[in-house]
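Listed here are the chains, written in short residue letters.
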Amino acid sequence: MKTLPEYRGGIILSNFSLGSFLRNEDLKSLSGEFFINGRGFRSPDIFSDINGEISLLEFRDYNYRNIFFDGILHTNYFKGKSKIRDPNLQVDFSGEIDFSKHLPKINFTADILEADLLKLNILLRDSIAKLSGLIEMNFEGNNWSNFYGTVGAYYMNLQTHKKAYHFDKILFNSQISGREKHLSFVSDFMNINLEGQVDIPNLFNSVESYLSPHFPIFNECDGSDQDFNFNIKLFNSSIVKEFMSFGLDFGDESYISGNFNNIGVDALEINLESPSLRWNEWFLTNIKLNSLANSQSWDLNYQGSNVFYGDKLLTENIEYDQVGSFGDLQNIFSWYSADSLKSSGVIKTHTSINNGQLDLQFEPSYFYFSDSFSSKLFSFRRPSSPNQ
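Residues numbered from 1 in each chain as written. Predicted model: local features only at pLDDT ≥ 70, side-chain atom pairs only at ≥ 80, totals over all residues. Heavy atoms only, no water.

(A) Representation of the pairing of strand β5 (residues 67-74). Pairing geometry for strand β3 (residues 47-59) and β5, over 8 bridges, is antiparallel. For glutamate 53, the partnering residue across the bridge sits in β5 and is phenylalanine 68. In this sheet, strand β6 (residues 77-86) lies alongside β5 in antiparallel orientation, the contact comprising 8 bridges. Note on β6: the bridge partner recorded for aspartate 70 is lysine 81. (Pairing = 2+ DSSP bridges. Helix = DSSP H or I, 4+ residues; strand = E, 2+ residues; numbered from the N terminus.)

This is the structure we're talking about:
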């Protein structure tokens, strides 16, 4: 019977420059005690118990303290548990990593008792940011292209200076069948589904590259092959506005759908329906937007009920149409208002976008105003010569 070498030992580190060793600028110094007790030095004979305490770990300008861990290291396999009792982070962690297959398989659970995201330098946009909840990961893969499984956050509580948020479930799921993927994000505030050939890391570059010939203010950049359908539904728009939408506040029950194909039968189609949209002082109601772009043209239609600026109603029953390609666009804007100051109109323009410049020329148009005492009709057309 083969006798395996056995070993036991420990190491004590004090202000070890971990960041320099790993060439990671976010990591700085490490202090702690580490112990190992095992047998075997070569695969598949390695079997070791590893435990220790990290008294100090400097990461992103914060000194984490009181990190305890205990685990088993086998050939291509690790299973362990850890707890953090830092003054600003209390977490109980358990999990396992299996490298024995073609793709690594990872399962772990993190019970976040409390995390002060502000003091940890994770979330700096508010004066208060405290988080608690349960995180579970069960997936295999080592990059986005082969990621398969689920990542979930449950019973999450986030306390900010302005408001307290509670989420029962935030779940991301990825399924793969051949070259097809089904990605879903399910939560209390928003659901997202993408199905087809989708490359998430290069998605925005692909959209920008696809639209840049029609709208030259977009940068030409390297994209990747995309061919998928998508839909997004909002349930609680205030949360989306707070964390994701860069000042845009869509109404609850907004729905976005479409498809993107930059290979084969190319098209980028986006359909939006929303009861309202607020941006700064602007407020729009009953929005319907349909956009269809392909290699030859870009058509867009917008319809809405009202446009407010502050508390003032500017106009009603709006429709906007755009037809064109390669930075050469025909635009029609029309409206009808039936309030005390009745008005209607159709404004037509020709827009050219080239080399970062926008040239706007008016086509024959009209608009009409009427109140209880008088009415006026205005019309105008593009001058036929520079002297007019």
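(B) Region of interest: helix α2 (residues 203-211). Buried residues of α2: Leu203, Ser206, Tyr210 and Leu211, and no others. Taken around the axis of α2, the buried residues stretch over an arc of 120°, which confines them to a single face. At its buried positions, α2 is contacted by β14 (227-234), β16 (255-261), β17 (267-279) and β18 (282-293). (Buried < 20%, exposed > 50% of the residue type's maximum accessible area, 1.4 Å probe, protein only. Arc of directions from axis to C-beta. Contact = heavy atoms within 4.5 Å.)

(C) Local environment of empty space enclosed by the protein. Tallied over the full model, the rule gives 2 cavities of 30 Å³ or more. In this structure, the largest cavity occupies an estimated 40 Å³ of space. In this structure, the largest cavity is lined by Trp144, Phe147, Ser174, Lys181, Leu183, Val198 and Ile200. Residue composition of the lining of the largest cavity, by class: 5 nonpolar, 1 polar and 1 charged. (1 Å grid on protein atoms, 1.4 Å probe; cavity = no way out; pocket = protein on both sides within 12 Å on 5 of 7 lines; lining within 4 Å. Points joined across faces, edges and corners; volume = space filled by probe spheres on them. Nonpolar A, V, L, I, M, F, W, Y, C, P; charged D, E, K, R; others polar.)

(D) Up close: the packing of aromatic side chains. By the definition in use, this model includes 17 aromatic pairs. Pairing tyrosine 62 with tyrosine 64 gives two aromatic rings, centres 4.8 Å apart and planes at 80°, and the pair type is edge-to-face. Ring geometry for phenylalanine 283 against phenylalanine 308: centres 6.1 Å apart, planes inclined by 45°, an arrangement best described as tilted. Placement of phenylalanine 283 in strand β18 and of phenylalanine 308 in strand β19 (residues 298-309) is noted, with a sequence separation of 25 residues between them. Given a relative accessible area of 22%, phenylalanine 308 falls into the partly exposed group. (Phe/Tyr/Trp six-rings, centres within 6.5 Å; stacked < 30°, edge-to-face > 60°.)

(E) Spatial organisation of the pattern of salt bridges. In this structure the tally under the stated criterion is 3 salt bridges. We note a salt bridge from aspartate 92 to arginine 85, for which the minimum N-O separation is 2.8 Å. The exposure class of aspartate 92 is partly exposed, given its relative accessible area of 30%. The class of arginine 85 is partly exposed, set by a relative accessible area of 32%. A salt bridge links lysine 233 to glutamate 253, with the nearest nitrogen and oxygen atoms 3.6 Å apart. Placement of lysine 233 in strand β14 and of glutamate 253 in the loop between β15 (248-250) and β16 is noted, with a sequence separation of 20 residues between them. (Salt bridge = Lys/Arg side-chain N within 4 Å of Asp/Glu carboxyl O.)

(F) Representation of the nonpolar core within the structure. Membership of the largest hydrophobic core comes to 37 residues, with the highest contact counts inside it found for Leu57, Tyr64, Leu89 and Phe189. In this structure leucine 57 touches Leu18, Leu27, Ser29, Leu30, Tyr62, Asn63 and Tyr64, once residues within four positions along its chain are discounted. (Core = buried A, V, L, I, M, F, W, Y, C linked by side-chain atoms within 4.5 Å.)

(G) The environment of asparagine 88, seen in detail. If you trace the backbone, asparagine 88 turns up in the loop between β6 and β7 (89-98). Judged by relative accessible area, which is 15%, asparagine 88 ranks as buried. Measuring from C-alpha to C-alpha, the distance between asparagine 88 and aspartate 116 comes to 5.3 Å, with 28 residues separating the pair along the chain. Contact partners of asparagine 88, with chain neighbours within four places excluded, come to Tyr62, Glu114, Ala115, Asp116, Lys119 and Leu120. A distance of 2.9 Å separates the side chain of asparagine 88 from the side chain of tyrosine 62, its partner in a polar contact. (Polar contact = N/O pair within 3.5 Å; in protein donor to acceptor, adjacent residues only side chain to side chain.)

(H) Up close: the side chain of threonine 160. Inspection of the secondary structure puts threonine 160 in strand β10 (residues 148-160). Since its relative accessible area comes to 3%, threonine 160 is described here as buried. Of note is the side chain of threonine 160, whose polar atom sits 2.8 Å from the backbone oxygen of lysine 163.

(I) Summary view of a nonpolar patch on the surface. A cluster of nonpolar residues, Leu248, Trp279, Trp282, Tyr309 and Leu314, forms a patch on the protein surface that exposes about 480 Å² of accessible area. Positionally, tyrosine 309 belongs in strand β19. Exposure remark for tyrosine 309: the relative accessible area of 41% places this residue in the partly exposed category. (Patch = residues over 30% accessible without salt bridge, like charges linked within 9 Å, V, L, I, M, F, W, Y side chains within 5 Å. Areas by Shrake-Rupley, 256 points an atom, 1.4 Å probe, with all protein chains shown as cover.)

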